[in-house]
Amino acid sequence: MRSRHPYTLDEAARIGAAIGAVLAPGDVVLLSGDLGAGKTTLARAMLTARGLAGEAPSPTFAIVQPYAPPEVDLAIAHVDLYRIEAEEELIELGLDDYLFDGALLIEWPERLGAQGWPEALSLHISGEGDARVLTAEVPAAWEARWPLR
């Protein structure tokens, strides 16, 4: 299923919170869009929905920023692949390990190469200024709980 949602930057927190509220262990959310599109903003709203107090740092330099209970009610790894240059680097990250009892939020999924998850929720952000559009590729595993109708 494909879902398209125009929104303003003021509405980004609401949209991210709605998606974050339905995250479950084993989920992968792929966040793509141009530099500055709002990927981190949506990821932060998802983390806030799961109980994170304060603002989550961008994982650009750490690459993987893990969150675990009691900081959040579901273990989540916020991943930024912008600086990844080779698929071999992905193996070292051990991203699949986070899926045993948690979820992954992955910015710059284009850098995953051949690695991927067929049931990942793919979110693409486009637009400029305050006018954004979220286009979601909603896999079967997400259809029943997809919060944006």
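Along every chain, residues carry numbers that run from 1 in the direction the sequence is written. Where totals are concerned, whole chains, interfaces and linings use all residues; where local detail is concerned, this predicted model gives features only for residues with pLDDT of at least 70, and gives and counts side-chain atom pairs only at 80 or more. Hydrogens and water molecules were not included; the side-chain quantities draw on all heavy atoms of the structure.

Draft legend 1. Focus on unusual backbone geometry. For the bond running from P69 to P70, omega is 10°, close enough to zero to count as cis. Labels follow the DSSP assignment, with helices taken as runs of H or I lasting at least four residues and strands as runs of E lasting at least two, numbered in each case from the N terminus. Inspection of the secondary structure assignment puts P70 in the loop between β3 (64-67) and β4 (75-80). Unusually for a residue other than glycine, W108 sits at a positive phi of about 60°. By the secondary structure assignment, W108 is in the loop between β5 (102-107) and β6 (121-128).

Draft legend 2. Molecular detail of the pattern of salt bridges. Salt bridge criterion: a side-chain nitrogen from Lys or Arg within 4 Å of a carboxyl oxygen from Asp or Glu. Under the criterion given, the structure shown has four salt bridges. The closest approach of N and O atoms between R145 and D27, which form a salt bridge, is 2.7 Å. Of this pair, R145 sits in the segment after α4 (140-143) while D27 sits in the loop between α1 (12-21) and β2 (28-33), placing them 118 residues apart in sequence. Its relative accessible area of 24% is what places R145 among the partly exposed residues. When a residue's accessible area, from a 1.4 Å probe over protein chains only, is under 20% of the maximum for its type it is buried; when over 50% it is exposed; and in between it is partly exposed. Judged by relative accessible area, D27 falls into the buried class, the value being 7%. When the shortest N-O distance is used, the salt bridge between R50 and D73 registers 2.8 Å. A residue pair is termed long-range when its members are at least 10 positions apart, and R50 in the loop between α2 (39-49) and β3 and D73 in the loop between β3 and β4 qualify at 23 residues. Accessibility expressed as a relative area gives 53% for D73, which makes it exposed.

Draft legend 3. Region of interest: the side chain of K39. Following the sequence through the fold, K39 ends up in helix α2. Neither His nor the chain ends contribute to the count of charged residues, in which Lys and Arg are positive and Asp and Glu negative. Buried K39, no salt bridge; nearest opposite-charge side chain is E107, N-O distance 5.0 Å.

Draft legend 4. View of the sheet that holds β6. What makes two strands pair is DSSP finding at least two bridges between them. Strand order in this open sheet of seven strands is β1-β7-β6-β2-β5-β4-β3, and the pairing throughout is mixed. Strands at the two margins of the open sheet, each flanked by one partner only, are β1 (2-8) and β3. When the angles between neighbouring strand axes are averaged without regard to direction, this sheet yields 15°. Bridging between β4 and β5 involves six bridges; their strand directions are parallel. Considered in β5, the bridge of A75 is made with G102. Against the sheet, α1 contacts β1, β6 and β7 (131-137), and its axis sits at roughly 145° relative to β1. α2 contacts β1, β2, β3, β4, β5, β6 and β7 of the sheet and is inclined by roughly 155° relative to β2. The angle between two axes is taken between their N-to-C directions and runs from 0 to 180 degrees, where each axis is a line fitted to C-alpha atoms and a helix contributes only its stretch in contact. Working rule for contacts: check all heavy atoms of both residues, and any pair within 4.5 Å makes them a contact.

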